[in-house]
Amino acid sequence: MASAQIVYASMTGNTQEMAETIEDTLIDLGVDTTLTEMTQAVASDFEQADICIIAAYTYSDGGPGLLPDEADGFFEDLEELDLSGKVYGVCGSGDTFYDDFAVAVDMFDKAFAKTGAKRATDLLKINLAPETDEDFDKLDKFAQDLVSAVQ
Ligand SMILES: Cc1cc2nc3c(=O)[nH]c(=O)nc-3n(C[C@H](O)[C@H](O)[C@H](O)COP(=O)(O)O)c2cc1C
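Residues numbered from 1 in each chain as written. Predicted model: local features only at pLDDT ≥ 70, side-chain atom pairs only at ≥ 80, totals over all residues.

Asker: I'm lost on the site of the ligand in this one. Help?
Answerer: Neighbouring residues of the ligand: 20 residues in total, closest S10, N14, T15, Y57 and G94. Where the shell around the ligand is concerned, the elements lending two or more residues are α1 (14-28) and β4 (87-94). With 3 residues, α1 is the largest single contributor of residues to the shell around the ligand. When its residues are assigned to classes, the shell around the ligand shows 8 nonpolar, 10 polar and 2 charged. (Near = placed C-beta within 6 Å. Helix = DSSP H or I, 4+ residues; strand = E, 2+ residues; numbered from the N terminus. Nonpolar A, V, L, I, M, F, W, Y, C, P; charged D, E, K, R; others polar.)

Asker: Looking at this model, I keep getting lost on α1. Mind explaining?
Answerer: The α-helix advances 3.6 residues per turn, and as a result positions three or four apart in sequence lie on the same side. Taking 1.5 Å of rise per residue, the 15 residues of α1 would be expected to cover 21 Å, and the 22 Å separating its terminal C-alpha atoms lies within 8% of that figure. Turning to α1, its buried residues are N14, T15, M18, A19, T21, I22, E23, T25 and L26. Each element contacted by the buried residues of α1 is listed here: β1 (3-9), β2 (32-37), β3 (51-56), β4, β6 (124-127) and α4 (133-150). Two residues or fewer after α1 comes G30, characterised by a positive phi angle close to 85 degrees. (Expected span 1.5 Å × (residues − 1). Buried ≥ 20, exposed ≤ 12 C-beta atoms within 10 Å, placed from the backbone. Contact = placed C-beta atoms within 7 Å.)

Below you can see the structure in the form of structure tokens.
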């Protein structure tokens, strides 16, 4: 059975809802799935999984930072891992009000790319909480693409 590790950071619950929706779909598809909040995870948790997923919100604090505070340390550790042979996906919530819409998703994508893992689905950015059928269809496709890549 394929295994998946989802690590998420969510301040107000929107990204958590995305992560839990993906978790449900992966379980329905028969994947042994672990969901961990980022402050409770270490980047090397991904070494135990076939499918590696990060869900993270974007937060600009007026400075150069756009990653969630929860990513301090985790992000740098992720970049150093060797995850070759694995597949990954990145998603996250942002707010289209901001010029830097959901850019934490792009930043985590670049970090994963350094690990040798292969991205097996499009980056998925959702405005605030997933609400529409289109949002939930995208979340389902995100999970399905990753499962197809390891089968
Ligand atoms: C102070 C502050 C700064 C934010 N900066 C950004 C930003 O730069 N880009 C963006 O897309 N969203 C930004 N957001 C919006 C959040 O990413 C958005 O509300 C998201 O849904 C939060 O996800 P969560 O519910 O998982 O915490 C910001 C929100 C706050 C409160």
